[in-house]
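Analysis of the macromolecular model
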Amino acid sequence: RLGVVTADRLSVLDWQWSFTVSIIQNSTQDCCLVALCKQYALLPRNFCVGCALLGMRRRQWFFSSVMRLFLRCLRLARRRHYMFLKNVSELCSYWKLCTKSLLYNSLTNSDVVIDSLFEPIYWIVDNVTRWFGVVFVVLVIVLTSSIVLIVYICVLPIILQTYPLRWIVWHISYGHWNLIMIIFHYYKAASTPPGFSPQTKTAIPAVAICRKCIAPKPARTHHCSICNRCILKMDHHCPWLNNCVGHFNHRYFFSFCFFMTLGCLYCSISSREMFWNAYNAVERMKTFERAKLQKAANESYYQNPPPVFTFQEKMFHKSIIYLWALCSSVALALGALTLWHAMLITRSETSIERHINKKEQARLKKKGRRFRNPYSYGKLNNWRIFLGVEKRRHWIIRVLLPSSHLPYGDGMVWQTPHFISSKKSVLPV
């Protein structure tokens, strides 16, 4: 570089300042080169070497600081991008593991998949049933009260005026007995606790551990997602009672269904002639209303005026139609439910156990074996155990009359009742 300067010392025109600056930038530690430049008139004589070096060092420091800051921001951005991708990857791995644990399980079958798919619907039904249970109870009370009022106001006066004495005695006796049985059993079914499994460790044998309560679960006990408790001998959760149907109120529930069905059939059969008369009267009222709107029939309308119905007559006929329609529909729906539960009682099963036993029966049938219900003692004995009939007079005082006697057993240990002649013992399985 020095040889180039000495060779071209006579041609220092336009390039001298740029060349000098480049020399100084590349040789900040060598002051002899600056003195040589002064000797050959490449720099002015009053040029300050220290100031020039200080300015260049400041510019170098500023430039290097900017570059270091830029590189640091670039590394930070790359690190954040890497952390974001790492978090997304971990989240995907977690959901993949959850999906595999749900689908790729040795115990997974079609029932588990269907239950998982319908879990949101179950959640909605459970919450709606929990919050609207009181509404359903009020609806039952209002509908039943309306039927009773119509019977007392519309039907009973006609019976007293037109029926013979023996039929009057029959209707009054049977109607009030049926009403008392309905009210008693509905109140007991809704207010009696179904029986809950103990939450602490006891000496009672348990067949499983509840996955939601994390507590021992005795035989025939199941968890109710609406009550959030384990129910002894659970049948189902009834929204019309706002209560679970279990060991201690199962008899009240079935008796209410049975007597309510009888009451609805009684009202439908007793008011069938009144229903037809009221239906024909309502049709005549509709014809009368249409005739008033026909301009072409004005002459015949004034010549032969149709009968005029008062407000009381209209309400009477509509009340009879309402009575018959409601009682008939309830008798059909509740009658089918009563027959279903009667079949389950005959087999000594609950609604949940029916589903479980049916699957177990199919599984054993494939192996050439026969399923046997360990809680069944025969058709008649199953009814006796369910109704609490130990003696013959109990069929009257405990079945045909209101009775608050407790069911047999405590719902945790199932043993052969003392009034059953069978020698078979029931194991808690």
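The sections below set out a description of the structure shown in this document. Small disclaimer: the values here were computed from a predicted structure and weren't measured. Residues take numbers from 1 onward in each chain, read along the sequence in its written order. Residue-level local features of this predicted model are given only where pLDDT is at least 70; pairs of side-chain atoms are given and counted only at 80 or more, and the full residue set underlies all totals for whole chains, interfaces and linings. By convention in this description, side-chain values take in all heavy atoms of the structure and omit both hydrogens and water.

For the rest of this paragraph, the subject is the overall build of the protein chain. Helix and strand counts for the protein chain stand at 15 helices and six strands. Among the 429 residues that make up the protein chain, the fraction classed as buried is 34%. Only heavy atoms matter for contacts: two residues are in contact if any of them lie within 4.5 Å across the pair. Expressed as a percentage of contacts within the protein chain between residues at least 6 apart in sequence, the contacts between residues at least 24 apart total 65%. Counting every atom, the protein chain has about 28,700 Å² of accessible surface; 65% of that belongs to carbon and sulfur. The way it works is that DSSP assigns letters per residue, a run of H or I at least four long becomes a helix, a run of E at least two long becomes a strand, and they are numbered from the N terminus. Burial status follows relative accessibility: with a 1.4 Å probe on protein chains alone, a residue under 20% of its type maximum counts as buried, one over 50% as exposed, and anything between as partly exposed. With residues, only the protein chains shown are counted as cover, and all accessible areas are computed by Shrake-Rupley using a 1.4 Å probe.

Turning our eyes to something else, we now look at the nonpolar core. Within soluble globular proteins, side chains that are nonpolar generally end up buried alongside one another. We define a nonpolar core as any set of buried Ala, Val, Leu, Ile, Met, Phe, Trp, Tyr and Cys residues linked to one another through side-chain atoms lying within 4.5 Å. Core analysis: the biggest nonpolar cluster contains 35 residues, and Leu-241, Ile-320 and Leu-323 have the highest contact counts within it. Contributions of two or more residues to this core are made by helix 7 (133-162), helix 8 (165-191), helix 9 (250-270), helix 10 (272-293) and helix 12 (311-346). By residue number, the principal contributor to this core is helix 9, which donates nine residues. Discounting residues that sit within four places of it in the chain, Ile-320 has contacts with Cys-154, Val-155, Met-274, Phe-275 and Ala-278.

The next subject is a nonpolar patch on the surface. Patch construction takes residues with relative accessible area above 30% that form no salt bridge. Like charges are linked within 9 Å, and nonpolar side chains (Val, Leu, Ile, Met, Phe, Trp, Tyr) are linked within 5 Å. Salt bridge criterion: a side-chain nitrogen from Lys or Arg within 4 Å of a carboxyl oxygen from Asp or Glu. A cluster of nonpolar side chains, contributed by Val-113, Ile-114, Leu-117, Phe-118, Ile-121, Tyr-122 and Val-125, occupies part of the molecular surface with about 610 Å² of accessible area. Residue assignment for the nonpolar patch shows that the elements contributing at least two residues are helix 5 (110-117) and helix 6 (119-131). Mapped onto the fold, Phe-118 is located in the loop between helix 5 and helix 6. Judged by its relative accessible area of 38%, Phe-118 is partly exposed.

Summarising the element assignment, Ser-270 is placed in helix 9. As used in this structure description, the phrase polar contact means that two N or O atoms lie within 3.5 Å; if the pair is within protein, one of them must be able to donate a hydrogen and the other to accept it, and residues adjacent in sequence are counted only when both atoms belong to side chains. Engagement of the side chain of Ser-270 in a polar contact is seen with the backbone oxygen of Tyr-266, the distance being 2.8 Å. When residues no more than four places from it in sequence are discounted, the contact partners of Ser-270 are Tyr-163 and His-171.

Before going further, it helps to spend a moment on the packing of aromatic side chains. Given two aromatic rings, one states the distance between the centres and the angle between the planes to describe the pair. Stacked, edge-to-face and tilted are the three classes for Phe, Tyr and Trp ring pairs, Trp counted by its six-membered ring, which pair at centre distances within 6.5 Å; planes under 30 degrees apart are stacked, over 60 edge-to-face, the rest tilted. Applying the stated criterion across every chain, the model contains 17 aromatic pairs. Ring centres of Trp-177 and Phe-259 lie 5.4 Å apart, and the angle between their planes is 85 degrees; on these two criteria the pair is classed as edge-to-face. Of the two residues, Trp-177 is situated in helix 8 and Phe-259 in helix 9; the sequence distance between them amounts to 82 residues. For Trp-177, a relative accessible area of 26% gives the class partly exposed. Given a relative accessible area of 4%, Phe-259 falls into the buried group. Through a chain of ring-to-ring contacts, the aromatic side chains of Trp-170, Tyr-174, Trp-177, Phe-254, Phe-258, Phe-259, Tyr-266, Trp-383 and Phe-386 assemble into a single cluster. The ring of Tyr-375 carries the charged tip of Arg-220 above its face, separated from the ring centre by 4.3 Å. For the cation-ring pair, Arg-229 lies above Phe-196, with the distance from its terminal atom to the ring centre recorded as 4.1 Å. Two conditions define a charge sitting above a ring: the NZ of Lys or the CZ of Arg must be within 6 Å of the ring centre, and it must be within 35 degrees of the ring normal.

The next subject is the packing of helix 8 against helix 9. Axis definition: a line fitted to C-alpha atoms, limited for helices to the stretch in contact. Angles are taken between N-to-C directions and run from 0 to 180 degrees. It is at 8 Å that the axes of helix 8 and helix 9 come closest, and there the two elements cross at 150 degrees. Here helix 8 and helix 9 pass one another in a crossing that is left-handed. Two secondary-structure elements touch here, helix 8 through His-171, Tyr-174, Gly-175, Trp-177, Asn-178, Met-181, Ile-182, Phe-184, His-185, Tyr-186, Lys-188 and Ala-189 and helix 9 through Arg-251, Tyr-252, Phe-253, Ser-255, Phe-256, Phe-259, Met-260, Leu-262, Gly-263, Tyr-266 and Ser-270. Partitioned by chemical class, the residues of the contact of helix 8 with helix 9 number 14 nonpolar, seven polar and two charged. In this scheme the crossing of two helices becomes right-handed for a clockwise turn of the near helix relative to the far one and left-handed for an anticlockwise turn of less than a right angle. Classes in brief: Ala, Val, Leu, Ile, Met, Phe, Trp, Tyr, Cys and Pro nonpolar; Asp, Glu, Lys and Arg charged; the others, Gly included, polar.

Structurally, His-317 can be placed in helix 12. By relative accessible area, which is 14% here, His-317 ends up buried. When neighbours within four sequence positions are excluded, His-317 is seen to be in contact with Ala-278, Ala-281 and Val-282.

Below, the discussion takes up helix 8. An α-helical turn contains 3.6 residues, so a residue and the one three or four places further along point in the same direction. A rise of 1.5 Å per residue sets the reference length of helix 8, with its 27 residues, at 39 Å; its end C-alpha atoms lie 39 Å apart and thus fit the reference within 8%. Listed as buried for helix 8 are Ile-168, His-171, Tyr-174, Asn-178, Met-181, Ile-182, Phe-184, His-185, Tyr-186, Lys-188 and Ala-189. On its buried side, helix 8 packs onto helix 7, strand 6 (243-245), helix 9 and helix 15 (394-400). Residue count minus one, scaled by 1.5 Å, sets the expected span of a helix.

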